[in-house]
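An overview of the molecular structure
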Amino acid sequence: GVSNEGWRAGLLNPEGVGMLGYSFGGYGLLRTLGVRLNDAAFARMPTYADLMREAEGYRGDKRVRAAVLFAPFGAELFDRDSFDCIDIPTFWIQGREDTVVPYAPVRGMWERSLRSDRYLLSYDLMQHKVAPNPSPAAAQKYSFAGGARRWDDWVWDQRHVNSINFHFLTAFFDGYLRGEREKKAYLDVREPEGRKCVYRMENGVPASEHTYWPGFDPN
């Protein structure tokens, strides 16, 4: 059950849940959405096969109405034909240079989720830190290569990454969970590649060639 008492009162809707999962948490979220494991996964972990196997008719927890997957692990463990169970909106976020969870298999899972109203945000030159947290004080005395890289990306500033993530995820959850349809305009960009976007305003109004992502400032 879900408590709806105290500070939670009026804030929770257990029948309209939005979930996020990062890395191995993304694997868990895909399992929650009903994506099945393949035979290779059971052969790889035979001791836990009975614990890992879902009931025959399981197709996901239907209380989850929208999901965000940050660099989800486990593409090689999933049945390629089971992604049609994802029939809710999804937002996928992945670094193109990820050496922990490679980009191509994640994009393949996104492509196979044909029944989902889905989006994919790809960070060029980024590794696995698509949902970064600040490095603890104890780690900040070390060089980047000597320890800080466990928390930080080689190229991307984590405040910039989190700001971009918050922007898109707010629009995604507001649009799909809260019914604020106008927020979806922030997701439907005219030019999918950020580096190709053109910022062109005339008297405060977007010109015809303006393709900048809605909500983003110049540069």
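Here we summarise the structure given alongside this text. Just so it is clear, the structure is predicted and the values come from calculations on it, not from any experiment.

A few words on the overall build of the protein chain. Helix and strand counts for the protein chain come out as 5 helices and 6 strands. The secondary structure elements of the protein chain, listed N-terminal to C-terminal, are β-α-α-α-β-β-α-β-α-β-β. For the protein chain, the C-alpha atoms occupy an extent of roughly 65 × 45 × 40 Å along the three principal directions. Relative to its 219 residues, the protein chain shows a buried fraction of 40%. When contacts within the protein chain are restricted to residue pairs at least 6 apart in sequence, long-range pairs at least 24 apart make up 65% of them. Carbon together with sulfur atoms contributes 51% to the accessible area of the protein chain, which is approximately 13100 Å² in total. Both charge centroids of the protein chain, one from 28 positive and one from 29 negative side chains, sit 2 Å from each other.

In this model, the largest pocket occupies a volume close to 1000 Å³. Lining the largest pocket are 29 residues; nearest its centre among them are Leu 121, Pro 192, Glu 193, Gly 194 and Trp 213. Put simply, the parts of the chain that give the lining of the largest pocket at least two residues each are helix 4 (103–112), strand 4 (118–123) and helix 5 (158–176). Its residues placed into classes, the lining of the largest pocket shows 17 nonpolar, 6 polar and 6 charged.

This paragraph deals with empty space enclosed by the protein. Scanning all chains against the criterion turns up 1 cavity of 30 Å³ or more. Its boundaries defined by the atoms lining it, the largest cavity holds a volume of some 60 Å³. Tallied by class, residues from the lining of the largest cavity come to 5 nonpolar, 1 polar and 4 charged.

Attention now moves to the packing of aromatic side chains. Scanning all chains against the criterion turns up 18 aromatic pairs. Members of the aromatic cluster, each reached through a chain of ring pairs, are Phe 91, Tyr 119, Phe 168, Phe 172, Phe 173, Tyr 176, Trp 213 and Phe 216. Note that Arg 53 overlies the ring of Phe 42, its terminal NZ or CZ placed 4.0 Å from the centroid. Sitting over the face of the ring of Trp 110, Arg 118 holds its NZ or CZ atom 5.0 Å from the ring centroid.

Turning our attention to unusual backbone geometry. Most of the time, phi is negative for any residue but glycine, and the peptide bond is trans. Look at Ser 23: it is not a glycine, yet its phi comes out positive at around 60 degrees. With a phi angle near 70 degrees, Asn 219 is a residue other than glycine that sits in the positive phi range. By secondary structure assignment, the location of Asn 219 is in the segment after strand 6 (205–206). Taking the relative accessible area as the measure of exposure, Asn 219 reaches 94% and is therefore exposed.

In this structure, Leu 30, Leu 37, Phe 78, Ile 86 and Met 109 are the most contacted members of the largest nonpolar core, which totals 25 residues. At the level of elements, helix 1 (24–32), helix 2 (39–44), helix 3 (49–52), strand 2 (64–70) and helix 4 are the ones that each hand at least two residues to this core. Ranked by size, the runner-up nonpolar core spans 24 residues in total, among them Phe 70, Ala 71, Phe 91 and Ala 171.

Okay, the pattern of salt bridges next. Under the definition given, this model contains 16 salt bridges. A salt bridge links Arg 200 to Glu 209, with the nearest nitrogen and oxygen atoms 3.0 Å apart. Of the residues examined, Glu 209 reaches a relative accessible area of 33% and is grouped as partly exposed. Ionic contacts of the salt-bridge type, sharing partners, join the residues Arg 96, Asp 124, Glu 193, Arg 195 and Lys 196 into one network.

About the thresholds
- Residues numbered from 1 in each chain as written.
- Predicted model: local features only at pLDDT ≥ 70, side-chain atom pairs only at ≥ 80, totals over all residues.
- Heavy atoms only, no water.
- Helix = DSSP H or I, 4+ residues; strand = E, 2+ residues; numbered from the N terminus.
- Buried < 20%, exposed > 50% of the residue type's maximum accessible area, 1.4 Å probe, protein only.
- Contact = heavy atoms within 4.5 Å.
- Areas by Shrake-Rupley, 256 points an atom, 1.4 Å probe, with all protein chains shown as cover.
- Lys, Arg positive; Asp, Glu negative; His and termini not counted.
- Charge placed at Lys NZ, Arg CZ, Asp CG, Glu CD.
- 1 Å grid on protein atoms, 1.4 Å probe; cavity = no way out; pocket = protein on both sides within 12 Å on 5 of 7 lines; lining within 4 Å.
- Points joined across faces, edges and corners; volume = space filled by probe spheres on them.
- Nonpolar A, V, L, I, M, F, W, Y, C, P; charged D, E, K, R; others polar.
- Phe/Tyr/Trp six-rings, centres within 6.5 Å; stacked < 30°, edge-to-face > 60°.
- Lys NZ or Arg CZ within 6 Å of the ring centre and 35° of its normal.
- Core = buried A, V, L, I, M, F, W, Y, C linked by side-chain atoms within 4.5 Å.
- Salt bridge = Lys/Arg side-chain N within 4 Å of Asp/Glu carboxyl O.

Shape descriptors only; they carry no functional weight alone.
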